[in-house]
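# Descriptive analysis of the structure
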Amino acid sequence: MFRQKITMPALVVAMALGTVSCEQQAQNQAQGNAQALTAEDARNFITNAQAELEKLQLPAVQAAWAYATYINQDTSAVSAYLSEKFSSRQAELAKEAAKFNDIQVDADTRRQLNLLVNSFVLAPPSESAKSERLAKLSSELDGMYGKGKYCPEKGECMSLGDMTAKMAKVRDHKQLLDIWQGWRQISPPMKPLYEELVTLANEGAQELGFEDTSDLWRGKYDMPAEEFGPELDRTWNQVKPFYDALHCHVRAKLGEHYGTDVVPQDQPIPAHLLGNMWAQTWGNIYELVKPEQKMTVPNVTKALKDKGYDEIKMVKQAESFFSSLGFDPLPETFWERSQFTKPRDRDVICHASAWNIDDKDDLRIKMCIQKTGEEFNVIHHELGHNYYQRAYNQLPLVYRGSANDGFHEAIGDTIALSITPKYLKKIGLIENIPDASNDIGMLMQVALDKIAFIPFGLMVDQWRWKVFSGEVKPEDYNKAWWELREKYQGVRAPIERPADAFDPGAKYHVPGNTPYTRYFLAHILQFQFHKALCEIAGDTGPIHRCSIYGSKEAGNALNAMLEMGQSRPWQEALESLTGSPQMDATAVLDYFAPLKTWLDKQNEGRQCGF
Ligand SMILES: [Zn+2]
């Protein structure tokens, strides 16, 4: 996770403010002045807009930090106030920027204008009643999800957190089905609201010059919108044979555990048995599908304890990872201002995040660090965000972001992929590197989370794009959802779904209106980055065993990409590191090659496919 500048997500919030009259003014001006605008006007506009937003952004981020690290009535009110002030102004400016759509300007000005126009997730229509309605729908849907719970006929009501914990541990399929169905009672009432939201958001997108919201979302990727979907499918098809092998093995093992009447071996896997409410990551059922052989896995949690690591020492160690690549040390203020541990006397948001408060050098992380191997990974991941944020801090405001929205998470994860036994040995946390026969278990664990996720990361927006474009009509919302779930994930609804069900609404990012393709991108790119960096570092072993720790060459190459921020098309950023402008999942296959061989052997004689 990282703390995005308030830019994109907050635009949804912006609509809650009464900003509409200003937007209308902007529209009218745009129509009246279209003839007179010049390239110089465009340059002045984008320069001034960014200067103004920069001023509004700083207090808003400071307030957001104050809230996240000290939750109370006042920090909440101030943070919400400043965040809305920022994003409503940004929304107005984005609409104004659209008036330069047809003016000839230099490429750099055009890119900056486009980034401002494209910064909407849901674009508000200029008619005030409609814009207010869209804002209300958006916050109501969000609230319906947030308040969602399931109260079974017998027993106590359960929050999503309670149910998530149960899905991870319970192995009784009837109980799992009850929870799975129970949670999905929250979403049917969302459907009419969502339908209306789609119509209004499309109107707003059309005013900005897009065909619809699907066109707006797909238009953020430096290529024609209609080519983006096929490009994702091409990448997915590279991964699919490996996914199919994993799917086959998991289905067979689930069949052994639950019986083949519950898990028929010639059908998609019932969605309630994979250890996760949405069957999006499968790591929780590792025990059911793991290799039977005995394996030695380094116990990092124990090693940290034995070597006397406290929370700060863990962060210092992660910093030294980046220093070993040639990055400058973190500023003194990072150590003074970060939240490393959970305060004893106040409520905070513990969810790990990385911040750059002033968009310059005021870097911080916010965590409630536990002294475990897993958290040691998270710290490296969060610092990856921090070093990215610092690398692009010299650029104009709209360029201070990752090359596309998948890059930021991919960078954090890329760094975490280098936390291998080889690295742990170099820093003295473990004495011996287990031999390669032990890798299958580790690779299985990673695959259950990262590979199982890939088709889910793809299908959520495949569904939404079709909904926004009108290709899927409201009466088919749920049907289309399950068609995509079956097609991409090979996962099916465990029981027939009623015609009025709205199962997409039971996944946060749909009622929360958060684009999802970024997670698909991050899951592919991190392996591609890791492979390229390992090659640059001269590590010739298998890439799942590689760590780029200590390689200045890898650090230089990484930094060259990071400091481009969003100033150039993402394909150029990708090429600068990997030598190719194309997304390529070959690295995913390389990383998991030993597991693929193992899976193919397990799957001999099994019926695969869905
Ligand atoms: Zn992250």
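See above for the structure.
Residues numbered from 1 in each chain as written. Predicted model: local features only at pLDDT ≥ 70, side-chain atom pairs only at ≥ 80, totals over all residues. Heavy atoms only, no water.

## Quick word on the packing of aromatic side chains
- All chains considered together, the criterion is met by 40 aromatic pairs.
- Ring centres 5.9 Å apart and planes at 35° place the aromatic pair F321 and Y549 in the tilted group. You can see F321 sitting in helix α14 (residues 311-324) and its partner Y549 sitting in the loop between α21 (517-536) and α22 (552-562), a full 228 residues away along the chain.
- Its relative accessible area of 0% is what places F321 among the buried residues.
- Ring centres 5.0 Å apart and planes at 65° place the aromatic pair F527 and Y591 in the edge-to-face group. Residue F527 is found in helix α21, and its partner Y591 is found in helix α24 (residues 586-591); the two are separated by 64 residues along the sequence. Both residues of the pair, F527 and Y591, count as buried. (Phe/Tyr/Trp six-rings, centres within 6.5 Å; stacked < 30°, edge-to-face > 60°. Helix = DSSP H or I, 4+ residues; strand = E, 2+ residues; numbered from the N terminus. Buried < 20%, exposed > 50% of the residue type's maximum accessible area, 1.4 Å probe, protein only.)

## Let's talk about the nonpolar core
- One finds Y194 and F592 to be the most contacted residues of the largest nonpolar core, which totals 187 residues.
- By residue number, the principal contributor to this core is helix α19 (residues 439-469), which donates 18 residues.
- In this structure, V61, W65, A68 and W355 belong to the second largest nonpolar core, which totals six residues. (Core = buried A, V, L, I, M, F, W, Y, C linked by side-chain atoms within 4.5 Å.)

## Let's talk about the packing of α14 against helix α16 (residues 373-391)
- Running from N to C, α14 and α16 point in directions that differ by 50°, and their axes come no closer than 9 Å. With respect to α16, the axis of α14 lies oblique. Along this stretch, α14 crosses α16, giving a crossing that reads as right-handed. Contact residues: M314, V315, Q317, A318, E319, F321 and F322 in α14; E375, F376, I379, H380, L383, G384 and Y387 in α16.
- For the contact of α14 with α16, the class distribution of residues is nine nonpolar, three polar and two charged. (Axes fitted to C-alpha atoms, helices over the stretch in contact; angles between N-to-C directions. Parallel < 35°, antiparallel > 145°, perpendicular 65-115°, else oblique. Left-handed = near helix turned anticlockwise from the far one by under 90°. Contact = heavy atoms within 4.5 Å. Nonpolar A, V, L, I, M, F, W, Y, C, P; charged D, E, K, R; others polar.)

## A word on the environment of R400
- Within the secondary structure layout, R400 lies in the loop between α16 and α17 (407-417).
- Separated by 163 residues in sequence, R400 and E563 have C-alpha atoms that sit 9.2 Å apart.
- At 3.2 Å, the side chain of R400 and the side chain of E54 are in polar contact. (Polar contact = N/O pair within 3.5 Å; in protein donor to acceptor, adjacent residues only side chain to side chain.)

## Remarks on unusual backbone geometry
- Unusually for a residue other than glycine, D359 sits at a positive phi of about 60°.
- Relative to the helices and strands, D359 resides in the loop between β4 (353-356) and β5 (363-366).

## Concerning helix α9 (residues 191-207)
- Compared with an ideal rise of 1.5 Å per residue, which puts 17 residues at 24 Å, α9 spans 25 Å between its outermost C-alpha atoms and is within 8% of the ideal.
- Where α9 is buried, its residues contact α6 (128-147), α10 (213-218), α19 and α20 (477-489).
- Among the residues trailing α9, G209 stands out with phi positive, at a value near 100°. (Expected span 1.5 Å × (residues − 1).)

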